[in-house]
Structure formats: structure tokens, C-alpha cells
Amino acid sequence: MKLEPVACGLCGDTRIRCLGAIPDSDYFAGRVLQHPINGGYLWRCDACESMFRHPVLRTSAYLDLYADGAADEWSADEGREDLAIIRGIIAQKARPGGVLDVGCGAGGFLLTLPAELTKYGVEPSVAAAAAARKRGVSVPAQTLAQLAPHAEFDVITIIDVIEHVADPGELLDQALPHLAPGGCLIIATGDADNVLWHRVFRSRFWYSSFPEHITFPSLRYFHIWHEGRGLQAPKAVQLKYRRIPFWQAALYFGSQAAYLLSPWLLNRVGRGIEWLRRAPRPRRRFFSPGGPGMFTDHQIVMIQRLS
């Protein structure tokens, strides 16, 4: 029997409904786990239109998993549509005061920004933070909560991060004091309003299959959060995660369809491929479809602080 939440994990409203079980996974932050993580269930809130996974691990357990994550698991991919758009926004809005990238990884995205901008990051992965520092990125803390209270930035980017935290509002509230007057907060994440996700594939959608992904805020949620905080109304762009050729989109769609019909079958195929290519041990036993660029299922949300 599943443990049912009493309210939305994002807005606290009790009008929630279950979209089905999320299959288990044994791959987290670029590492194969000895013991799989229970997938839990995907829930959707009728009030804020967001989705979230429940139950989830303790925050400390997630931090330990990220601290042991691979240094190169998240990188700045030139084919990504969202990063190209965000670079354009920063070019218009950033002043010499600097840019803070929350969850900066090895600093790949920051290094693609103009040289005159001062580049900062926070990163929980020890290996990734060390790699970023070697590349010239200042990483003063593992998390926003550990930043010095006086630290202030003209742009704060939260790219592929907010879906990793149990309480997006807490993360946004931690970022806001560090945003300079007139500064811009930029969030890139999955689009919880995507109809294919919450009506068709539901709990077996590729984006919610990763065990790192636990909350999926909607645009409506960001509008609710910004009220009373001295911010302009959020603006959003819906887009595909990256540009991919037709053959790759077809392959992704096939794996997504197989995952919908039978996660067990996809696991068998994945294990067979691991055996054929003689992948080093430990090998994965659980597989998800993956599908960045298959659908228009991502969003960039821009929230500017009033001067």
C-alpha cells in the first residue's frame, strides 16, 4: 500500500491526485547504486498544477548521493536550446556584478558566458566543485543556505536544479536575498503543464523517471510564489530541451513507448546492451527511456526583482 501525502508538496493544497507508480532506479548522479531507490508515486495538484514524487528520501540522504556524484554528470551541452536562450538573457541583463549558477556542476555553463562577467557557483558534489574551481569559477559554498548573507548577484541561474529539491519555495526563498535590485532570477526545468506528461505518459514520462527529479513546479506555481516578494510577474518560454535529429527522436519515442507499456521489458533490453558492450561493473539493472529533445516539455522562467 502506498503512503499517500496529505497535501501538495509545493503549495500545500489538499486537492491532489495520484498519476501512478514511478519505477525504481539504481542510477543517481552518474553513479550506479548498490541498492535501488524506490520510485514512489507521481502526484499532481489541482490548485497549483504542479507535480511531485512521494514518498522521497530525506534531504540528508540526497545530499550524500550528490556529494558522491560524478564530476561530469551535468555539463553545458552546445545543442541545448535552453542554454542558448539563457545566454541571450544574461547578455541583456547582467552587469559587471556577476552571475551565480546554482548547482554549477564543473562550471561548464558559466565558462560559456562573456569573460567580463564574474562567475560564481554553488555545488554539492565535491568532485564537480573541485573541477569548477580548477577552471576559474568561484565556488564559495555547497548550497545557497551556506552562502554569506551579504553576497549579491545581478543574475542567479537555477538550471536543471529546482526539480531536484523537495521544497522549491525554500530554494527560491534562499536565492532571493542574494538577488540585487533589478536583478534577474532564471529557472530552467521541466514543463509540468505539458499535456503528454500529465495526461498520457503520466508517472512513466521520461523526465519524472530519474530518481534525482522529485518536484515539478508549474508556471502557475511560480506566479503564486512571486506574489508579495517585490518581484515582477514571471515570464516563461516553453521549448524543447535540445536539438536532436529525427532518427534520435524516433529512438527516444520508441523507448518512451516501451517504458509506458512495460518498464520490465526496457530493463531487460538495457541489461542486454550493458552485457554486449561489456560495461564495467557495477552495472545498471534498472533503465529509464531518456528523451531530451523529443517533446516541447521544458520551460525557462524569468523573474526580475524590482529596482
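The structure under discussion appears in the preceding block.
1. What to know about the sheet that holds strand 8 (residues 138-141)
Reading across the sheet, the seven strands line up as 8-7-6-9-10-13-12 and stay open at both edges, with mixed pairing between neighbours. The sheet is open, and its two edges are formed by strand 8 and strand 12 (235-239), each paired on a single side. For this sheet the average axis-to-axis angle between neighbouring strands, irrespective of direction, equals 20°. Alignment of strand 9 (residues 153-159) against strand 10 (residues 179-190), held across six bridges, turns out to be parallel. Paired with valine 155 across the bridge in strand 10 is cysteine 184.

2. Observations regarding the sheet that holds strand 11 (residues 215-216)
Hydrogen bonds between backbone groups are what pair the strands of a sheet, and the pairing can be parallel or antiparallel. On the basis of which strands lie adjacent, the open sheet formed by four strands has the order 1-4-5-11 and antiparallel pairing. Edge strands, defined here as strands with exactly one partner in the open sheet, are strand 1 (16-21) and strand 11. Note that strand 5 (residues 51-54) and strand 11 share two bridges and pair antiparallel. Paired with methionine 51 across the two strands is phenylalanine 216, which belongs to strand 11.

3. Concerning the pairing of strand 3 (residues 31-37)
Relative to strand 3, strand 2 (residues 25-28) runs antiparallel, the two sharing three bridges. From the neighbouring strand, phenylalanine 28 faces strand 3, where its bridge partner is arginine 31. In this structure, the hairpin formed by strand 2 and strand 3 is closed by a connection of two residues, where alanine 29 is found at a positive phi of approximately 50°.

4. Describing the pattern of salt bridges
Applying the stated rule across the entire model yields eight salt bridges. Its salt-bridge partner being arginine 17, residue aspartate 46 comes within 2.8 Å of it at the nearest N-O pair. Of this pair, aspartate 46 sits in the loop between strand 4 (41-45) and strand 5 while arginine 17 sits in strand 1, and the two are 29 residues apart along the sequence. With relative accessibility at 40%, the residue aspartate 46 sits in the partly exposed group.

5. Some words on unusual backbone geometry
Histidine 54 connects to proline 55 through a cis peptide bond whose omega is 0°. With respect to the helices, strands and loops of the structure, proline 55 is situated in the loop between strand 5 and helix 1 (59-67). Cis geometry marks the peptide bond from arginine 281 to proline 282, where omega comes out at 0°. With respect to the helices and strands, the residue proline 282 is situated in the loop between helix 8 (263-276) and strand 13 (298-304). Positioned with a positive phi, glutamate 49 is a non-glycine residue whose angle comes to about 65°.

Cut-offs applied
Residues numbered from 1 in each chain as written. Predicted model: local features only at pLDDT ≥ 70, side-chain atom pairs only at ≥ 80, totals over all residues. Heavy atoms only, no water. Pairing = 2+ DSSP bridges. Helix = DSSP H or I, 4+ residues; strand = E, 2+ residues; numbered from the N terminus. Axes fitted to C-alpha atoms, helices over the stretch in contact; angles between N-to-C directions. Salt bridge = Lys/Arg side-chain N within 4 Å of Asp/Glu carboxyl O. Buried < 20%, exposed > 50% of the residue type's maximum accessible area, 1.4 Å probe, protein only.

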